[in-house]
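Next come the chains, spelled out residue by residue.
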Amino acid sequence: MQLRPALPVLAAVTAGATVAFGLTGCAATPDPGTVTVLNSATDTAEHTKNQKFFDRCAEKYGLRVEQNSVPADQVSSKALRMASSHSLPDILELDGSELPQFAETGGLRSLADLGVRTSGLSASGVSLGSFEGTRYGIARSVNSLALYYNPDLLKKAGVEPPTTWDELRRTAKKLSGDGTYGLAFSASPNADGVYQFLPFFWSAGGDEARLDSGKGEAALRLWKDMVADGSVSKAVVNWNQQDVNDQFIAGRTAMMINGPWQVPVLEAQDKVDWAVAKLPVPEAGGKAVPPVGGTVMTVPKSDDSAREKNAAKILNCLNTPENQLDWGEAVNNVPTRATAARTYAKQNPKLAPFADLVTTARSRTAKVGTRWPAVSDALAGAFQSVLTGGSSPEAALRRAQRQATAGE
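If you look the protein up in an unreviewed UniProt entry, it shows as Extracellular solute-binding protein from Streptomyces smyrnaeus. Under the UniProt heading Sequence similarities (unreviewed entry), the note attached to the protein is "Belongs to the bacterial solute-binding protein 1 family."

> Residues and numbers for the packing of helix H10 (residues 217-228) against helix H17 (residues 372-388), please.
When two helices pack together, their arrangement is given by the angle between the helix axes and by the axis-to-axis distance. Two numbers describe how H10 lies on H17: the axes approach to 9 Å, and their chain directions differ by 30°. Where H10 crosses over H17, the handedness of that crossing is right-handed. Taken together, the residues of H17 that come into contact with H10 (itself represented by Leu220, Trp223, Lys224 and Val227) are Ala382, Phe383, Val386 and Leu387. Of the residues in the contact of H10 with H17, the class split is 7 nonpolar, no polar and 1 charged.

> Could you give an account of the pairing of strand S3 (residues 91-95), with specific residues and numbers?
The buried fraction of S3 amounts to 5 of the 5 residues, a majority that puts the element mostly inside the structure. Bridge count between strand S1 (residues 34-39) and S3: 2 bridges; the pairing is parallel. Bridged to Leu38 within S3 is Leu92. Strand direction decides the pairing type here: S3 and strand S11 (residues 295-298), joined by 4 bridges, are antiparallel. Its bridge partner being in S11, Leu92 is matched across the sheet by Thr298.

> Explain the pattern of salt bridges to me, using residue names and the numbers behind them.
By the definition in use, this model includes 12 salt bridges. Arg364 is the salt-bridge partner of Asp95, the closest N and O atoms lying 3.5 Å from each other. Within this pair, whereas Asp95 is found in strand S3, its partner Arg364 is found in the loop between helix H16 (352-357) and H17, the two being separated by 269 residues in sequence. Note on Asp95: relative accessible area 2%, which makes it buried. Owing to a relative accessible area of 5%, Arg364 belongs among the buried residues under this scheme. Between Asp212 and Arg210 there is a salt bridge whose closest N-O contact spans 3.9 Å.

> Can you tell me about the confidence of the model for the protein, naming the residues and giving the values?
Summing up the model confidence of the protein, the mean pLDDT is 91 and the portion of residues at 70 or higher is 92%. In this model residues 1-27 is a low-confidence stretch, pLDDT under 50, and it forms 76 contacts with partners more than four residues away in sequence or in other chains.

> Help me get a handle on helix H3 (residues 75-84), residues and values and all.
Judged by how many residues are buried, H3 sits mostly within the fold: 7 of 10 residues are covered. Residues of H3 that are buried include every one of Val75, Ser76, Ser77, Ala79, Leu80, Met82 and Ala83, and no others. In the segment just after H3, His86 is the residue with positive phi, at about 55°.

> Lay out H10 in plain terms, naming residues and giving numbers.
For H10, spanning 12 residues, the distance from its first C-alpha to its last is 16 Å, which sits close to the expected 16 Å at 1.5 Å a residue. For H10, every residue scored as buried is listed here: Glu217, Ala219, Leu220, Leu222, Trp223, Met226 and Val227. Buried positions along H10 lie against helix H8 (165-175), strand S8 (181-184), helix H9 (191-203), H17 and helix H18 (393-406). Following H10 by one or two positions, Gly230 adopts a phi angle in the positive range, close to 85°.

Thresholds applied
Residues numbered from 1 in each chain as written. Predicted model: local features only at pLDDT ≥ 70, side-chain atom pairs only at ≥ 80, totals over all residues. Heavy atoms only, no water. UniProt positions renumbered as here; feature names shortened; annotations may be inferred. Axes fitted to C-alpha atoms, helices over the stretch in contact; angles between N-to-C directions. Helix = DSSP H or I, 4+ residues; strand = E, 2+ residues; numbered from the N terminus. Left-handed = near helix turned anticlockwise from the far one by under 90°. Contact = heavy atoms within 4.5 Å. Nonpolar A, V, L, I, M, F, W, Y, C, P; charged D, E, K, R; others polar. Buried < 20%, exposed > 50% of the residue type's maximum accessible area, 1.4 Å probe, protein only. Pairing = 2+ DSSP bridges. Salt bridge = Lys/Arg side-chain N within 4 Å of Asp/Glu carboxyl O. pLDDT = per-residue confidence, 0-100. Expected span 1.5 Å × (residues − 1).

Here's what the structure looks like:
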């Protein structure tokens, strides 16, 4: 599932809003046998897939599920409007990065109170749905980033997929030339660029709670050096993740950093062959630490316990290992139940690196919570200033820390 940015409107939730978020006594009494869902499944195919799983679970309990799908960047604002009119849905599906802002209002029911089973979930899945140690959201599947490569171009150059940063630099340099760059990634000044920078920043020991700790400079230096030596296009500062995939399909880059949401597009074309490898790490033997992405299903507090119980039934059903596995295969994401994730990797060997990577992936908000939007903006400013303005990595991260602190 493709990443979407944390939304500025969420500031309104925490900045003094007693926005009666949890008061869901609806203005119009809903059908007691219908569980309502607000999500971002506006794509017809995704909406249809979702409904198939909702119906599968609803039928077990004599219920029906009704989706209200709006564009991803409108989910939170829609939820706030619904809260003000006391008409929140029974299930609210949020991007994981948005959960802290909503959980902080006290308007979400904890999964433990609902009886939603969370045992056996991956650490990354738990992290994505938690706020200050309490689990409020459950993810059916998660995604992250990996290294895609063109096997034909690597074979022609006589190289293997790189596993360390030194190998990445050498390999990308060798693959560059004749209109083709060795590597492509997104360095856009928004959520896409930040999401792609985090695996480098975190794997180097960078700390989002203290951007100027001295550990993250190596990641900025790597990006700067690869652009400077021509292994990476200067245009990456303007590319989102879809642009990166377009470059790969067009044969203008031999490798790219991207997520499993690109698989349908890659499978639908026959211009280039593709394979997936783990993300290179600073030194041999290290573990990549990418961000975990995806949506979590939450239950807004209601004065109607029966509706909350029905929502919990649907969540428990959707998140059995069997249903998670089916859903993960439908959307090319990794199930969060450990048993389902292992089966997914065996049944989808081409995408197995994603299953491995989500075991070490982290939530963007795990350490900084509701401060994440400010931290994200500061990180974006840091790599943009290094790649376009000639700022040193050290100066860029010192400035980013001041910016993030001022934005708290």
